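Next come the chains, spelled out residue by residue.
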Amino acid sequence: MATTANRGSTAVKEAMTKSQLLETLSESTGLQRKDVASVLDQLGVVIERHVKRRAVGTFTLPGLLKIKVVRKPATKARKMMSPFTGQEITVAAKPASRAVKVQPLSGLKRMTE
């Protein structure tokens, strides 16, 4: 089991691929690689169930991050002056939409120090 003492404080020089991440997690936890892959896949399913339409709209990975779905209201078509050319332009209307916001929590913020 990974504890606070042996988390590995060395900085990684290049981003890991999914395969490298699975290998690293399986080595550090003692689990089989396919078990780690299964856990990551199920985490994705749980997140999807929290953020899909008519769901709660938030998911928190304790100590690391919070994922929220925010509603963006529709905008009307409007005319405005172009700041570059000085000519009047028409900005198209946009329908209402949903966007995903990810907020870092205190544990993740501490890791960057």
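Residues numbered from 1 in each chain as written. Predicted model: local features only at pLDDT ≥ 70, side-chain atom pairs only at ≥ 80, totals over all residues. Heavy atoms only, no water.

**Student:** Account for the sheet that holds strand S5 (residues 97-104), with residues named and values stated.
**Tutor:** Read across the open sheet, the three strands follow the order S1-S2-S5; overall the sheet is antiparallel. Unpaired on one side and paired on the other, strand S1 (58-61) and S5 mark the two borders of the sheet. On average, adjacent strands in this sheet sit at an angle of 20° to one another, irrespective of strand direction. Sheet topology note: the strand S2 (residues 65-72)/S5 ladder contains eight bridges and is antiparallel. By the bridge assignment, Lys-72 is partnered in S5 with Ser-97. Each of S1, S2 and S5 touches helix H2 (residues 33-51); the most contacted strand, S1, lies at about 145° to it. (Pairing = 2+ DSSP bridges. Helix = DSSP H or I, 4+ residues; strand = E, 2+ residues; numbered from the N terminus. Axes fitted to C-alpha atoms, helices over the stretch in contact; angles between N-to-C directions. Contact = heavy atoms within 4.5 Å.)

**Student:** Explain the pattern of salt bridges residue by residue, including any values.
**Tutor:** Taken as a whole and judged by the stated rule, the model has two salt bridges. In this structure, Asp-41 and Lys-18 form a salt bridge, with 4.0 Å as the shortest nitrogen-oxygen distance. Of this pair, Asp-41 sits in helix H2 while Lys-18 sits in helix H1 (residues 18-29), placing them 23 residues apart in sequence. Using a relative accessible area of 43% as the deciding quantity, one classes Asp-41 as partly exposed. Residue classification places Lys-18 among the exposed positions, given a relative accessible area of 54%. Arg-33 is the salt-bridge partner of Glu-23, the closest N and O atoms lying 3.5 Å from each other. Remark: Arg-33 occurs in helix H2 and Glu-23 occurs in helix H1; sequence separation between them is 10 residues. (Salt bridge = Lys/Arg side-chain N within 4 Å of Asp/Glu carboxyl O. Buried < 20%, exposed > 50% of the residue type's maximum accessible area, 1.4 Å probe, protein only.)

**Student:** Go over the pairing of S2, please, and point to the residues and values.
**Tutor:** Judged from the four bridges that link them, S1 and S2 form a sheet pairing that is antiparallel. Looking at the pairing, Phe-59 lines up with Ile-67 of S2. Counting the residues in the hairpin turn of S1 and S2 gives three residues, including Gly-63, whose phi is positive at 80°.

**Student:** Give me the lowdown on a nonpolar patch on the surface, citing residues and values where you can.
**Tutor:** There is a patch of nonpolar side chains on the surface, built from Val-12, Met-16 and Leu-21 and spanning about 260 Å² of accessible area. Here Met-16 lies in the segment before H1. On the basis of relative accessibility, which here comes to 41%, the residue Met-16 falls in the partly exposed class. (Patch = residues over 30% accessible without salt bridge, like charges linked within 9 Å, V, L, I, M, F, W, Y side chains within 5 Å. Areas by Shrake-Rupley, 256 points an atom, 1.4 Å probe, with all protein chains shown as cover.)

**Student:** Before we move on, can you summarise the side chain of Ser-82 with the specific residues and values?
**Tutor:** The residue Ser-82 is located in the loop between strand S3 (78-81) and strand S4 (88-91) in this model. When its relative accessible area of 11% is taken as the criterion, Ser-82 is described as buried.

**Student:** For the confidence of the model for the protein chain, give the residues involved together with the corresponding values.
**Tutor:** In the predicted model, the protein chain carries a mean pLDDT of 91, and the fraction of residues at 70 or more is 93%. The model gives residues 1-5 a pLDDT under 50, and that stretch makes one contact with residues more than four places away or in other chains. (pLDDT = per-residue confidence, 0-100.)

**Student:** I'd like to hear about H1, residue by residue, with values.
**Tutor:** The end-to-end C-alpha distance of H1, which contains 12 residues, comes to 16 Å, matching closely the 16 Å that a straight helix rising 1.5 Å per residue would cover. After H1 finishes, the residue Gly-30 shows a positive phi value of roughly 80°. (Expected span 1.5 Å × (residues − 1).)

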